[in-house]
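Spelled out from the first residue to the last, the chains are:
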Amino acid sequence: MLYLKTPGPEDEARVMDYRQEFLNEGDEIINGSAYLGQYQRYGDWLSQVTDNLKEETVGPGLVPATTMLCIREEDDMLVGTVNVRHRLTDALFQYGGHIGYSIRISQRRRGYGKEMLRLALTRVCPALNLSRALVTCEKDNEASRRTIMACGGTFEGETQQEGRVVQRYWATVRPFVVRPALPEDGEAISVLTHRSLGYEVVPDQTRARVARLIQKPQNRIWVAEQQGQVTAYLHGADYETCYRAPQKNVVSLAVDPACQGMGMGRALLQEAEAWARWEKCDGVRVVTGTVRTGAHAFYLACGYHLRKEYKNFEKLF
């Protein structure tokens, strides 16, 4: 899995190693890196990245932008950089767009571009209050075109730039942020579990369970956050049996009733599906109560199909 990280002093070694790989191939541009190729000193680059965050400190001729590192979770390798511009100039509106990104040369053709663009659209753009994002690519770059369309980009038209044909796509940005759960989200998850799923919960126990579960690699918990409030969550876990290939299991999915219909549940499911694809699982399974007809309709609309109906037994101690 990949995750986005704000660059800090602790990232110097991997960022400069990333830079050197591009320079070794004669590429000093390094798209989406805030001009990393032009900086020999990491501290100077990091200062510039920080200055670029605000209108009052951004460099001359530039627009405010957020630069993030894209890290591979299993080995902490920096596989890419993403740059999201907070606003557009006329030139950016025609050619550059809101989002630029680059992928480490040795790590290309592994599907990272799609995941990085998805993370930018779901994690960075909502935090910047962007309702939609412009993403561009050259017409003959088929890989980029497919990546943009896979992330919801809608083709608007083409422009000419220095003899090159640039295609422009608009992607709708959800009005909420999807992110991995933190220990402090336990209180909100407790409330959602009761309010949305109807389970009786003890808040202190839920907080402790969330803190424990997110430390285990066989579990993932994601939350949807709107205006600083956690309004939905999904808990996924490994599911393996003796008789079929591994899957991921949606243990629980809860959306605040006041926020249903906004796409939060679908966005959280997409996180679970991306996790399953990343680990080359057979798919994602969901078990839901027979009386939850609304949930049944939701999962069917998300492309899931009903395999069988069965009773769920347990013995408590």
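The rules behind each value
Residues numbered from 1 in each chain as written. Predicted model: local features only at pLDDT ≥ 70, side-chain atom pairs only at ≥ 80, totals over all residues. Heavy atoms only, no water. Pairing = 2+ DSSP bridges. Helix = DSSP H or I, 4+ residues; strand = E, 2+ residues; numbered from the N terminus. Axes fitted to C-alpha atoms, helices over the stretch in contact; angles between N-to-C directions. Contact = heavy atoms within 4.5 Å. Buried < 20%, exposed > 50% of the residue type's maximum accessible area, 1.4 Å probe, protein only. Core = buried A, V, L, I, M, F, W, Y, C linked by side-chain atoms within 4.5 Å. Expected span 1.5 Å × (residues − 1). Parallel < 35°, antiparallel > 145°, perpendicular 65-115°, else oblique. Left-handed = near helix turned anticlockwise from the far one by under 90°. Phe/Tyr/Trp six-rings, centres within 6.5 Å; stacked < 30°, edge-to-face > 60°. Lys NZ or Arg CZ within 6 Å of the ring centre and 35° of its normal.

Asker: Which residues make up the sheet that holds strand β4 (residues 99–103), and what values go with them?
Answerer: Spatially, the four strands line up as an open sheet ordered β1-β2-β3-β4, and their pairing is antiparallel. Strand pairing shows two members of the sheet lacking a second neighbour, β1 (2–5) and β4, which therefore form its edges. Strand-to-strand twist of the sheet, defined as the mean angle between neighbouring strand axes without regard to direction, takes the value 25°. Of the pairings in the sheet, the one linking strand β2 (residues 65–72) to strand β3 (residues 77–85) comprises eight bridges and is antiparallel in character. The residue bridging M68 from the neighbouring strand is V82, located in β3.

Asker: Run through the sheet that holds strand β5 (residues 132–138), naming residues and quoting values.
Answerer: The three strands lie next to each other as β5-β7-β6, forming an open sheet whose pairing is antiparallel. Two strands bound the open sheet, and with one partner strand each, they are β5 and β6 (154–161). On average, each strand axis in the sheet is inclined to that of its neighbour by 25°, with strand direction left out of account. As paired elements, β5 and strand β7 (residues 164–172) share seven bridges and run antiparallel to each other. Within β7, the residue paired with V135 across the bridge is Y169. Here helix α5 (residues 142–150) sits on the sheet and contacts β5 and β7; the angle it forms with β5, its principal contact strand, is near 165°.

Asker: Let's hear about unusual backbone geometry: which residues, and what values?
Answerer: Positioned with a positive phi, A34 is a non-glycine residue whose angle comes to about 60°. Of note, A34 is situated in the loop between α1 (12–24) and α2 (42–51). On the basis of relative accessible area, A34 is assigned to the buried category, the value being 9%. Positive phi, close to 50°, is recorded for Q227, a residue that is not glycine. You can see Q227 is positioned in the loop between β9 (219–226) and β10 (229–239).

Asker: Could you give me a rundown of the nonpolar core, with the residues and numbers involved?
Answerer: A general tendency of soluble globular proteins is for nonpolar side chains to be buried together. Core analysis: the biggest nonpolar cluster contains 27 residues, and V82, V84, I99, M116, L117, L121 and C125 have the highest contact counts within it. With seven residues, helix α4 (residues 112–124) is the single largest residue contributor to this core. When near neighbours in sequence (up to four residues on either side) are disregarded, M116 contacts L2, C70, G80, T81, V82, Y101, S102 and I103.

Asker: Lay out helix α8 (residues 264–278) with the relevant residues and their values.
Answerer: Each α-helix turn comprises 3.6 residues. Residues three or four places apart therefore point the same way. The first and last C-alpha atoms of α8 sit 21 Å apart over 15 residues, in line with the 21 Å expected at 1.5 Å per residue. Counting buried residues in α8 gives 11 out of 15 residues, a clear majority hidden from the surface. Taken residue by residue, α8 has M264, G265, A267, L268, L269, E271, A272, E273, A274, W275 and A276 as its buried positions. K280 occupies a position one or two residues after α8 and carries a positive phi of about 55°.

Asker: Give a detailed account of the packing of helix α6 (residues 186–197) against helix α7 (residues 203–213), specifying residues and quantitative values.
Answerer: One can describe the packing of α6 onto α7 by two numbers: an axis separation of 8 Å at closest approach and a directional angle of 120°. The angle between α6 and α7 falls in the class oblique. With respect to the hand of their crossing, α6 and α7 are arranged in right-handed fashion. When α6 is examined against α7, the residues G186, E187, I189 and S190 are found in contact with a partner set consisting of P203, T206, R207 and V210.

Asker: How would you explain the packing of aromatic side chains if you had to name every residue and give the values?
Answerer: According to the stated counting rule, one finds eight aromatic pairs in the structure shown. Among the aromatic residues, those joined into a ring-pair cluster are F298, Y299 and Y304. Stacked on the ring of W275, the Lys or Arg K248 has its end atom at 3.9 Å from the ring centre. Sitting over the face of the ring of Y199, R292 holds its NZ or CZ atom 5.9 Å from the ring centroid.

Asker: Before we move on, could you go through the pairing of β9 and cite the residues and values that matter?
Answerer: Of all eight residues in β9, seven are buried; the element is thus mostly enclosed. Judged from the four bridges that link them, strand β8 (residues 177–180) and β9 form a sheet pairing that is antiparallel. Looking across to β9, one finds that V177 is bridged to E225. Counted along the chain from β9 to the antiparallel partner β10, the turn is two residues long, and its residue Q227 has a positive phi close to 50°.

Asker: Requested: an account of the pairing of β10, with residues and values cited.
Answerer: Of all 11 residues in β10, eight are buried, a share of seventy percent or more. Both β9 and β10 contribute to a ladder of eight bridges, which runs antiparallel. Paired with A224 across the two strands is A232, which belongs to β10. Sheet topology places β10 next to strand β11 (residues 247–255); eight bridges connect them, and they run antiparallel.

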